[in-house]
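# Report on the structure
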Amino acid sequence: MAYSEGKDAWINQLKNNPENLNVIENAAKYFMLSDRELANELLLKAQSLDQENPKWPAALGQLYSLNMIKKSGDNERTEAKKALEQLEIAYRLSPVDGAGADSTP
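What comes next concerns the included structure.

Attention now moves to the overall build of the chain. Scanning the chain from N- to C-terminus turns up five helices and zero strands. When the helices and strands of the chain are read in sequence order from the N terminus, they spell out α-α-α-α-α. Dimensions of the chain, computed from C-alpha atoms along their principal axes, come out at roughly 45 × 45 × 20 Å. Taking the intrachain contacts of the chain between residues at least 6 apart in sequence as the baseline, contacts between residues at least 24 apart amount to 50%. Accessible surface computed for the chain: about 6,900 Å², of which carbon and sulfur atoms make up 51%. The average position of the 12 basic charges and that of the 16 acidic charges among the side chains of the chain differ by 5 Å.

Structural data, given as structure tokens:
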């Protein structure tokens, strides 16, 4: 019951704040284990809204890695490839000095 209430609250927040990256990020974290399809949709949306931020492909890489747990054979390799692609994107977008995309000078 608590999960259902939490899910309803996040869905409501997403409807009221459809482009708020903080809401999208936290909702995606909430759904990361319980509703991976929704988490994927949210992370892809965040990535489209904030294309230069490495945290979105990093989170997608993590999600695709989690998806490998219940897969086998070609499906597992497909998820592994998707995870690697996203993690490589995150690496390319990351600042060389290691300061991070969210840090300020």
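What follows deals with the pattern of salt bridges. Under the definition given, this model contains five salt bridges. Between Lys29 and Glu25 there is a salt bridge; the shortest N-O distance is 3.5 Å. Taken together, the residues Lys29 and Glu25, both in helix α2 (residues 21-31) and four residues apart, mark about one turn of the helix. When its relative accessible area of 52% is taken as the criterion, Lys29 is described as exposed. In this structure Glu25 comes out as buried when scored by relative accessible area, which is 15%. Put simply, Glu25, Lys29 and Lys55 are held in one network by salt bridges that share partners.

Right, let's talk about the nonpolar core for a bit. Judged by nonpolar contacts, the single largest core of 19 residues is most densely connected at Leu14, Phe31, Leu42, Leu43 and Leu63. Counting only elements with at least two residues in this core, the list comes to α2, α3 (36-49) and α4 (55-67). Here this core gets six residues from one element, more than from any other, and that element is α4.

So, on to the packing of α3 against α4. Relative to each other, α3 and α4 sit at 160 degrees, their axes nearing to 9 Å. Judged on the interaxial angle alone, α4 and α3 are roughly antiparallel. Note on packing geometry: the crossing formed by α3 with α4 is left-handed. Judged by residue contacts, Arg36, Ala39, Asn40, Leu43, Leu44, Ala46 and Gln47 of α3 engage Trp56, Pro57, Ala59, Leu60, Leu63, Tyr64, Leu66 and Asn67 from α4. Across the contact of α3 with α4, the residue classes break down as 11 nonpolar, three polar and one charged.

The rules behind each value
Residues numbered from 1 in each chain as written. Predicted model: local features only at pLDDT ≥ 70, side-chain atom pairs only at ≥ 80, totals over all residues. Heavy atoms only, no water. Helix = DSSP H or I, 4+ residues; strand = E, 2+ residues; numbered from the N terminus. Contact = heavy atoms within 4.5 Å. Areas by Shrake-Rupley, 256 points an atom, 1.4 Å probe, with all protein chains shown as cover. Lys, Arg positive; Asp, Glu negative; His and termini not counted. Charge placed at Lys NZ, Arg CZ, Asp CG, Glu CD. Salt bridge = Lys/Arg side-chain N within 4 Å of Asp/Glu carboxyl O. Buried < 20%, exposed > 50% of the residue type's maximum accessible area, 1.4 Å probe, protein only. Core = buried A, V, L, I, M, F, W, Y, C linked by side-chain atoms within 4.5 Å. Axes fitted to C-alpha atoms, helices over the stretch in contact; angles between N-to-C directions. Parallel < 35°, antiparallel > 145°, perpendicular 65-115°, else oblique. Left-handed = near helix turned anticlockwise from the far one by under 90°. Nonpolar A, V, L, I, M, F, W, Y, C, P; charged D, E, K, R; others polar.

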